[in-house]
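In case you want the letters, here they are:
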Amino acid sequence: MKETITALEILSLQQFEKSGMSGSEKILTDQERFELSGKHIQSVAGFCAVKRALLQLCADERVGPHEFILSHGEQGEPCIVKGPVGIDISDIRISISHTKQAAYGIAVMQKDL
């Protein structure tokens, strides 16, 4: 039997921008920052929000933000390219949404009970 765990992270775009993108260099890898260069602040904040949601999901595992590498799929959807050792990323789904005021990152994982 499986248990579903969900994590949601909401980032205020105004605060994110005021704080110099809120330490995105600590959360995003060089590869992710390169992929997001030239994109709107909502895209950068969305990646940061979903990374934080992933860290919430895996809080028991004590993983760092750079252990998850995100990218975009063929249709522009966010996807996990690589995850921490011992975590099956095929059991995790992510989604990003944003408005003019906030970026939302959601991560859902199924774990065996």
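All values reported here derive from a predicted model rather than from experimental measurement. (Residues numbered from 1 in each chain as written. Predicted model: local features only at pLDDT ≥ 70, side-chain atom pairs only at ≥ 80, totals over all residues. Heavy atoms only, no water.)

**Thoughts on the pattern of salt bridges**
Once their charged atoms are close, side chains differing in charge can pair, the charge on each being opposite to the other.
So, step 1. In this structure the tally under the stated criterion is three salt bridges.
So, step 2. The shortest N-O distance in the salt bridge between lysine 2 and aspartate 112 comes to 3.7 Å. You can see lysine 2 sitting in strand E1 (residues 2-12) and its partner aspartate 112 sitting in strand E5 (residues 102-112), a full 110 residues away along the chain.
So, step 3. Residue class for aspartate 112 comes out exposed when judged on its relative accessible area of 60%.
So, step 4. When the shortest N-O distance is used, the salt bridge between aspartate 30 and arginine 33 registers 2.4 Å. Of the two residues, aspartate 30 and arginine 33 both sit in helix H3 (residues 30-36), three residues apart, roughly one turn of that helix.
So, step 5. Residue aspartate 30 is classed as exposed on the basis of its relative accessible area of 58%.
So, step 6. When its relative accessible area of 30% is taken as the criterion, arginine 33 is described as partly exposed. (Salt bridge = Lys/Arg side-chain N within 4 Å of Asp/Glu carboxyl O. Helix = DSSP H or I, 4+ residues; strand = E, 2+ residues; numbered from the N terminus. Buried < 20%, exposed > 50% of the residue type's maximum accessible area, 1.4 Å probe, protein only.)

**Some points on the sheet that holds E1**
So, step 1. Ordered in space as E1-E5-E4, the three strands form an open sheet in which the pairing is antiparallel. In this open sheet, the two edge strands, each paired with only one partner strand, are E1 and strand E4 (92-98). Strand-to-strand twist in this sheet, taken as the mean axis angle between neighbours without regard to direction, amounts to 15°.
So, step 2. Pairing analysis gives seven bridges linking E4 to E5, with the strands arranged antiparallel. Considered in E5, the bridge of isoleucine 96 is made with glycine 105.
So, step 3. Where helix H4 (residues 41-57) meets the sheet, it contacts E1, E4 and E5, and its direction lies at approximately 30° from that of E5. (Pairing = 2+ DSSP bridges. Axes fitted to C-alpha atoms, helices over the stretch in contact; angles between N-to-C directions. Contact = heavy atoms within 4.5 Å.)

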